[in-house]
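A structural walkthrough
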Amino acid sequence: MAVKKVVIPAAGMGTRFLPATKAVPKEMLPLVDKPVIQEVVEEAVRSGISEIVLITGMGKGAIEDHFDISTDLEGFLASRGQEELLKMVRDISRMVDIISVRQKEPRGLGHAVQCAKAAVGDEPFAVMLGDDVVDSEVPCIAQLLKVFEKYKSTVVALEFVPDSDVDKYGIVEGEEVEPGIVKIKNLVEKPPLKDAPSNMAVIGRYILTPEIFSAIEGLAPDDRGEIQLTNALQDIANSDEVYGVVFEGTRYDAGNRFGFLVANIVYALKDGELGPQLREYLKGLVAFWGDR
Ligand code: G1P
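Below is a short write-up of the structure. (Residues numbered from 1 in each chain as written. Predicted model: local features only at pLDDT ≥ 70, side-chain atom pairs only at ≥ 80, totals over all residues. Heavy atoms only, no water.)

1. Concerning the overall build of the chain
Helices and strands together make up the secondary structure of the chain, namely 11 helices and 13 strands. Taking 2.2 N^0.38 as the reference for a compact globule, 292 residues should give roughly 19 Å; the C-alpha atoms of the chain span a radius of gyration of 20 Å, in line with that estimate. The C-alpha extent of the chain, read off along each of the three principal axes, is 60 × 50 × 35 Å. Scored against the burial criterion, the 292 residues of the chain give a buried share of 47%. Contacts in the chain between residues at least 24 apart in sequence constitute 76% of all its contacts with a sequence separation of at least 6. (Helix = DSSP H or I, 4+ residues; strand = E, 2+ residues; numbered from the N terminus. Rg over C-alpha atoms; globule rule 2.2 N^0.38 Å. Buried < 20%, exposed > 50% of the residue type's maximum accessible area, 1.4 Å probe, protein only. Contact = heavy atoms within 4.5 Å.)

Structure below.
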């Protein structure tokens, strides 16, 4: 069955980016000049998915406005003859259909996915986390879809992370069934290094089947009151199959300040207009700050 919908959890408070996120959703912070969430939505669209189920919370209206038609702005740009900008603004509003669902309490990623149950229905679906931005030739979620078509089972994206980072991710244990594809036996959410079964981390791209909903329903909250998607995936790995794909591409963790800055620098360097100027400027900066 084809995957038509993607769930994008976007209810978090964005406390790591305060004060910028006091009145602006963190998903709207820009990668150069494009909101992070648009980058993620474009990855879905490039992979053939254009129905978005957005899990939102208080104060997230700007995300819906961003993907909506803005008659005022379009009228203003048209009156000024700014055709290129007008096209860009129109394209954004036509890119996708969005259904918004409120997550009324911050109860973890598993709970956020559960909020999408009615909107998703009885179909496989994708989940994309806005904190993970992936720069790749073939969109990351398209790489997962390809594996889903073959195995018809749950698929997650995997990346090798250094020892110092295993306690920041869901970490998996499994065996490689073909190059870059792992059949997962066990998953542990943010283990201390000594308990981590490997260095293979789940990153924020998933293809899930509707069986995830009953798995989530059966879970108790962890000691922080959160319902972990990782534990629901473990249930599915026990009773069915879960595959991991070591995706091709570079992931940026735009959910923390350093990763967000790095992503901005890389995306700016790749920008036709900004890139050459920034490259020269950075050379000068390195020469000046290099050994200070
Ligand atoms: C979530 C998941 C975790 C996964 C990570 C990927 O954690 O719970 O398993 O490895 O996303 O970014 P979060 O970063 O939301 O704490």
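2. Here we look at empty space enclosed by the protein
A full pass over the atoms with the stated rule returns 1 cavity of 30 Å³ or more. What the largest cavity holds in volume is close to 40 Å³. In terms of lining, the largest cavity is formed by Glu39, Val40, Glu43, Arg46, Val133, Val134 and Arg205. Going through the elements one at a time, α1 (36-46) and β7 (132-135) are the ones with two or more residues in the lining of the largest cavity. It is α1 that provides the largest number of residues to the lining of the largest cavity, a total of 4 residues. Split by residue class, the lining of the largest cavity holds 3 nonpolar, no polar and 4 charged. (1 Å grid on protein atoms, 1.4 Å probe; cavity = no way out; pocket = protein on both sides within 12 Å on 5 of 7 lines; lining within 4 Å. Points joined across faces, edges and corners; volume = space filled by probe spheres on them. Nonpolar A, V, L, I, M, F, W, Y, C, P; charged D, E, K, R; others polar.)

3. Considering unusual backbone geometry
With an omega dihedral of 5°, the bond running from Leu18 to Pro19 counts as a cis peptide bond. Locating Pro19 in the fold gives a position in the loop between β1 (5-10) and β2 (30-31). Positive phi outside glycine occurs at Lys152, with the angle close to 50°. Located in the positive-phi region is Lys190, a residue other than glycine, with phi close to 45°. Mapped onto the fold, Lys190 is located in the loop between β10 (181-189) and β11 (200-208). On the basis of relative accessibility, which here comes to 42%, the residue Lys190 falls in the partly exposed class.

4. Describing the packing of aromatic side chains
Enumeration according to the criterion identifies 5 aromatic pairs in this entry. Ring geometry for Phe125 against Phe213: centres 5.4 Å apart, planes inclined by 5°, an arrangement best described as stacked. Of the two residues, Phe125 sits in strand β6 (residues 125-128) while Phe213 sits in helix α8 (residues 211-217), which places them 88 residues apart along the sequence. Assessed through its relative accessible area of 0%, Phe125 is described here as buried. (Phe/Tyr/Trp six-rings, centres within 6.5 Å; stacked < 30°, edge-to-face > 60°.)

5. Concerning the side chain of Arg251
Inspection of the secondary structure assignment puts Arg251 in strand β13 (residues 250-253). The buried category is assigned to Arg251, whose relative accessible area is 12%. Within the structure, the side chain of Arg251 is placed 2.7 Å from the side chain of Asp132, a separation counted as a polar contact. Polar contacts involving the side chain of Arg251 include one to the side chain of Tyr169, which spans 2.7 Å. Apart from the residues lying within four places of it in its own chain, the contact partners of Arg251 are Asp132, Val133, Val134, Glu159, Tyr169 and Ile203. (Polar contact = N/O pair within 3.5 Å; in protein donor to acceptor, adjacent residues only side chain to side chain.)

Scope: geometric values only; no functional claims are made or implied.
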